[in-house]
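Listed below, chain by chain, are the residues.
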Amino acid sequence: MESYFDIDIWGLVAAVVMVIVAAGISALMKTGVAKSLIWATARSLVQLLAMGFILEYVIRQNNVWLVIGLVALMLLAAVQITMGRATGAPKGLVGIVLLSLVVTMLLMLAIVAELIVRPKPWYAPQLIIPLTGMLLGNTVSALALGLSRFFESMRERYAEVNTMLALGATKWEAAKPSMISSIRLGLLPSVAMLASSGIVTIPGMMSGQIIAGKSPVSAAKYQFVILAAVAALTLVADSIIIALIYKRCFISYDRYFVPEPAKKLSFKDFVQLRKDVHPDEKPEDAQRAAAQEQRASMR
């Protein structure tokens, strides 16, 4: 089974046309998602093709340092996306999230690549890089969901936590219900995917290998290994992160204090701040200066 069905330029055009038609229907219905749908489609096409060219170069070079560099870049991007999606999380968690992802990713890559698949060479880019992307892609959303749930739960349990502390409970004991709720919620998507794979759905990696002409049985084995690794990575990474940040909700003498969520200023906020500081400035100058400040803050 080595037949492969390639997609030419007209196939890509047809796919883009499908999205444009869907966006047109959305615009007629005034759902407000037409522009974002088209923009996301354009970004996806450019990003995927760019990654395809990069992977083709890295695989052809077969250089260990290129593989390590690309994996490190993917880890940094995963941390940024995790913190961007974790609503309600305070500032200062980037280092903890990065440390947790690095430790757990290295552990999972070592187990999956070096103990289960055993490629030669050990850094085989056609395995390591796609494997890293699949693990991170499925884990990022779960980690963001877990972080959001933890701080949300700690705020909801304000009276309960204070009561537990007053009765002599430790920080760990007071935060434990929120920690369990966070880890459980973050793991739910992985558990659901494990339970439904092969009956309700044929996951992406298995489908891709079958389309590429590989044996369906071999593809099924690969897919199971990936799903098991994602579930393990999600549980371990989320547990490490929560165990390292739960003390952020307490101050000295075991007093309860949940940090305020990091606020993301909009362009309108920047303009208003500029007006407050420089009330005599012209509106167009204020908007121009605010735009420069916003770009600088996003770097």
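Look up: the structure comes first, before these words.
Summarised in this report is the structure supplied together with it. (Residues numbered from 1 in each chain as written. Predicted model: local features only at pLDDT ≥ 70, side-chain atom pairs only at ≥ 80, totals over all residues. Heavy atoms only, no water.)

### Quick look at the overall build of the protein chain
Working step 1: Within the protein chain one finds 11 helices and two strands.
Working step 2: Scanning the protein chain from its N terminus toward the C terminus, one meets helices and strands in the order α-α-α-α-α-α-α-α-α-β-β-α-α.
Working step 3: Within the span of the protein chain, comprising 299 residues, buried residues form 33% of the whole.
Working step 4: The contacts of the protein chain with a sequence gap of at least 6 include a subset with a gap of at least 24, amounting to 69%.
Working step 5: Total accessible area on the protein chain is roughly 18,500 Å²; 67% of this is exposed by carbon and sulfur atoms. (Helix = DSSP H or I, 4+ residues; strand = E, 2+ residues; numbered from the N terminus. Buried < 20%, exposed > 50% of the residue type's maximum accessible area, 1.4 Å probe, protein only. Contact = heavy atoms within 4.5 Å. Areas by Shrake-Rupley, 256 points an atom, 1.4 Å probe, with all protein chains shown as cover.)

### Some points on the packing of aromatic side chains
Working step 1: Tallied over the entire structure, the rule returns three aromatic pairs.
Working step 2: Taken together, a centroid distance of 5.4 Å and an interplanar angle of 85 degrees make the contact between Trp 122 and Tyr 123 edge-to-face. (Phe/Tyr/Trp six-rings, centres within 6.5 Å; stacked < 30°, edge-to-face > 60°.)

### Some points on the side chain of Thr 82
Working step 1: Summarising the element assignment, Thr 82 is placed in helix α3 (residues 64-85).
Working step 2: Within polar-contact distance, the side chain of Thr 82 engages the backbone oxygen of Ala 78 at 2.7 Å.
Working step 3: Not counting residues within four places of it along the chain, the set of residues in contact with Thr 82 comprises Val 97, Val 140, Leu 143, Ala 144 and Leu 147. (Polar contact = N/O pair within 3.5 Å; in protein donor to acceptor, adjacent residues only side chain to side chain.)

### Looking at the side chain of Ser 178
Working step 1: Secondary-structure assignment places Ser 178 in helix α7 (residues 171-196).
Working step 2: Take Ser 178: its relative accessible area is 0%, and that puts it in the buried class.
Working step 3: Discounting residues that sit within four places of it in the chain, Ser 178 has contacts with Phe 150, Ser 153, Met 154 and Arg 157.

### Description of unusual backbone geometry
Working step 1: For the peptide bond that leads from Lys 120 to Pro 121, omega is 0 degrees, which places it in the cis range.
Working step 2: The phi torsion at Asn 62 lies on the positive side, around 55 degrees, for a residue other than glycine.
Working step 3: Along the chain, Asn 62 falls in the loop between α2 (34-61) and α3.
Working step 4: By relative accessible area, which is 32% here, Asn 62 ends up partly exposed.

### Re helix α4 (residues 94-117)
In an α-helix, one turn spans 3.6 residues, which is why side chains three or four residues apart end up on the same side.
Working step 1: The end-to-end C-alpha distance of α4 is 32 Å, a good match for the 34 Å that 24 residues give at a rise of 1.5 Å each.
Working step 2: Inspection of α4 places Ile 96, Val 97, Ser 100, Leu 101, Thr 104, Met 105, Met 108, Leu 109, Val 112 and Ala 113 among the buried residues, and these make up the whole buried set.
Working step 3: Residues of α4 that are buried sit in contact with α3, α5 (125-156) and α9 (216-245).
Working step 4: Looking one or two places after α4, you find Arg 118, whose phi comes out positive at around 55 degrees. (Expected span 1.5 Å × (residues − 1).)

### Focus on the pattern of salt bridges
Working step 1: In the structure shown here, the tally under the stated rule is three salt bridges.
Working step 2: We note a salt bridge from Arg 149 to Glu 152, for which the minimum N-O separation is 3.8 Å. Taken together, the positions of Arg 149 and Glu 152, both in helix α5 and three residues apart, correspond to about one turn of that helix.
Working step 3: Linking Glu 156 and Arg 149 is a salt bridge whose minimum nitrogen-to-oxygen distance equals 3.6 Å.
Working step 4: Where salt bridges share partners, they join Arg 149, Glu 152 and Glu 156 into one cluster. (Salt bridge = Lys/Arg side-chain N within 4 Å of Asp/Glu carboxyl O.)

### A closer look at the packing of α4 against α9
Working step 1: Two elements in contact, α4 and α9, have axes whose closest approach is 9 Å; the angle formed by their N-to-C orientations is 155 degrees. The pairing of α4 with α9 is recorded here as roughly antiparallel in orientation. Here α4 and α9 pass one another in a crossing that is right-handed. Between α4 and α9, the contacting residues are Ile 96, Val 97, Ser 100, Thr 104, Met 105, Met 108, Val 112, Ile 116 and Val 117 on the first element and Tyr 222, Val 225, Ala 229, Ala 232, Leu 233, Val 236, Ala 237, Ile 240, Ile 241, Leu 244 and Ile 245 on the second.
Working step 2: For the contact of α4 with α9, the per-class residue count stands at 18 nonpolar, two polar and no charged. (Axes fitted to C-alpha atoms, helices over the stretch in contact; angles between N-to-C directions. Parallel < 35°, antiparallel > 145°, perpendicular 65-115°, else oblique. Left-handed = near helix turned anticlockwise from the far one by under 90°. Nonpolar A, V, L, I, M, F, W, Y, C, P; charged D, E, K, R; others polar.)

### Here's the deal with α5
Working step 1: A rise of 1.5 Å per residue sets the reference length of α5, with its 32 residues, at 46 Å; its end C-alpha atoms lie 46 Å apart and thus fit the reference within 8%.
Working step 2: The largest bend in α5 is about 25 degrees, located at Thr 139. (Bend = angle between axes of the 7 residues up to and from the residue.)

### As for the nonpolar core
Working step 1: Counting residues in hydrophobic clusters, the biggest one holds 54 residues, and the most contacted among them are Leu 101, Leu 135, Leu 147, Phe 150, Phe 151, Ile 245 and Phe 250.
Working step 2: Contributions of two or more residues to this core are made by α2, α3, α4, α5, α6 (158-166), α7 and α9.
Working step 3: The leading source of residues in this core is α5, at 13 residues.
Working step 4: If we skip the residues at most four places from it in the chain, Ile 245 touches Leu 93, Ile 96, Leu 147, Phe 150 and Phe 151. (Core = buried A, V, L, I, M, F, W, Y, C linked by side-chain atoms within 4.5 Å.)

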